[in-house]
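For reference, the chains in residue letters:
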Amino acid sequence: MSVQSLFQPFVSGPLTLASRIVMAPMTRSFSPGGVPNDQVIEYYRRRAAAGVGLIITEGTTVDHPAANGYPNVPRFHGEDALAGWRKVVEAVHAEGGKIAPQLWHVGNVRRLGTEPDGSVPGYGPMEKRKDDQVVVHGMTQADIDAVIVAFAEAAAAAKAIGMDAVEIHGAHGYLIDQFFWEASNQREDAYGGSVQGRSRFAVELIQAVRAAVGPDYPIIFRFSQWKQQDYSARLAPTPEALEEFLQPLAQAGVDIFHCSTRRFWEAEFPDAPADVAGLNLAGWTRRLTGKPVITVGSVGLDGEFLKFMAKTDEVAQPARLDGLVARLEQQEFDLVAVGRALLVDPDWAVKVREGRDDDILAFSRDALGNLS
Ligand SMILES: Cc1cc2nc3c(=O)[nH]c(=O)nc-3n(C[C@H](O)[C@H](O)[C@H](O)COP(=O)(O)O)c2cc1C
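This one's a predicted model, so the numbers in the text were calculated from it and none came from an experiment.

Conventions and cut-offs
- Residues numbered from 1 in each chain as written.
- Predicted model: local features only at pLDDT ≥ 70, side-chain atom pairs only at ≥ 80, totals over all residues.
- Heavy atoms only, no water.
- Helix = DSSP H or I, 4+ residues; strand = E, 2+ residues; numbered from the N terminus.
- Buried < 20%, exposed > 50% of the residue type's maximum accessible area, 1.4 Å probe, protein only.
- Contact = heavy atoms within 4.5 Å.
- Near = heavy atom within 4 Å.
- Polar contact = N/O pair within 3.5 Å; in protein donor to acceptor, adjacent residues only side chain to side chain.
- Nonpolar A, V, L, I, M, F, W, Y, C, P; charged D, E, K, R; others polar.
- Expected span 1.5 Å × (residues − 1).
- Arc of directions from axis to C-beta.

Enquirer: Can you break down the environment of F151 residue by residue, with the values?
Expert: Among the structural elements, F151 can be located in helix α3 (residues 141-160). Here F151 falls in the buried class, since its relative accessible area comes to 1%. As a C-alpha pair, F151 and W348 span 197 residues in sequence and 32 Å in three-dimensional space. Excluding residues that lie within four positions of it along the chain, F151 makes contacts with V62, L103, W104, H105, I168, I176, L205 and V209.

Given below as structure tokens:
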């Protein structure tokens, strides 16, 4: 099998990538005070130096008091954090790589006591109370407007410090996805109800980001059917529903869709007509929108990622790439995001290119303990 197709350039508008390999966004929690430090710079530089075409950074928070949900997550606002990110950009560019920040608001997942101000509750589509205390603040129109402005400002900052694109985190049951999903959005105003209503927050946010970065700057949008609150959840149970969901996002200004799945080889709609029954979520998204797409999920490894988020001694072993390469060659997707294989092994891409399969590292939770 030749892996050559993974190492072909990719062009979309002003974005030119040297390979089809994308580093998937992965929260690493190594940025005390929210500032990416020298260790973070070196972590991303090494992946760019070893053949990753596009790095999508770990989720990085927009400027809103409830955006953050976890310790030591880097910010994407404030002079100190943006100065750190600027150094990351310079280091990646010096290696011939490209980079986009993943802009993030965790929404109702935030717990009281979380950095930076522990008295701020989660913010979400619906209010939640526990023992008479508001643990999630139901967002008003003013809150919605403020979060949209925060994303637009972060995108403008990304462009100003030389980032090559931005990725909006609309997946995995975080804020934007909480608006999409019927189970977490029972609003009775214009931001709830129908698919159009539940997508309105995302559409307005994408439009604001587009206005902030101008017509040509690449906007990537990550979405998923599954939610961390429910792995079997589905926003779109049919191709028709997926089209209805995606079209307004594409029209609002998305250039590239990042279709998050746990196993890239799974058919999204297996009951579809035979010629398309094998397509994964990225394949359907490309077909329905005509936009370039990124696939993701267990590339190069034999076990999916969620079981590694809990304590486990399991090890995911390197897996062959034949199936992936065949799908890429059939143009089911344009780009391939790699998570854990690149987290544990900065040289994963160059080892693949050079056929050094025996040198590729297995993944275990131990890899999460350091930023090498
Ligand atoms: C440690 C870790 C942190 C993650 N953090 C994020 C994140 O910040 N944003 C995001 O969209 N996905 C996040 N993910 C999901 C990955 O981007 C990716 O979709 C997932 O790991 C599947 O790819 P893989 O099987 O190649 O690891 C994370 C995954 C891992 C393992």
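From this point, things continue past the structure.
Enquirer: Explain the site of the ligand to me, and be specific about the residues and the numbers.
Expert: Lining the immediate surroundings of the ligand are 18 residues, of which P25, T27, R222, S298 and R340 lie closest. R222 places a polar side-chain atom, nitrogen or oxygen, 2.7 Å from an oxygen atom of the ligand. Of the residues assigned to the shell around the ligand, the class counts are eight nonpolar, eight polar and two charged.

Enquirer: An account of helix α1 (residues 38-49) is requested, with residue identities and associated values reported.
Expert: Along its 12 residues, α1 runs 16 Å from first to last C-alpha, staying within 8% of the 16 Å computed at 1.5 Å per residue. When we look at burial in α1, the residues that qualify are V40, I41, Y43, Y44, R47 and A48. Down the axis of α1, the buried side of the element spans an arc of 160°, and every buried residue falls inside it. Elements that come into contact with the buried residues of α1 comprise β3 (21-23), β4 (54-61), α2 (79-94) and α9 (340-344). With a side-chain oxygen positioned 3.1 Å from the backbone nitrogen of Q39, the residue opening α1 is N37. Immediately beyond the C-terminal end of α1, within one or two residues, lies G51, with a positive phi of roughly 100°.

Enquirer: So what's going on with unusual backbone geometry? Residues and values would help.
Expert: The step from E115 to P116 runs through a cis peptide bond, and the omega angle for that step is -5°. By secondary structure assignment, the location of P116 is in the loop between β5 (98-104) and β6 (122-124). Even without being glycine, S29 reaches a positive phi, approximately 60°. Secondary-structure assignment places S29 in the loop between β3 and α1. At H172, a position not held by glycine, the phi torsion is positive, near 65°. Looking at the element boundaries, H172 is found in the loop between β9 (166-169) and α4 (175-180). The exposure class of H172 is buried, given its relative accessible area of 11%.

Shape descriptors only; they carry no functional weight alone.
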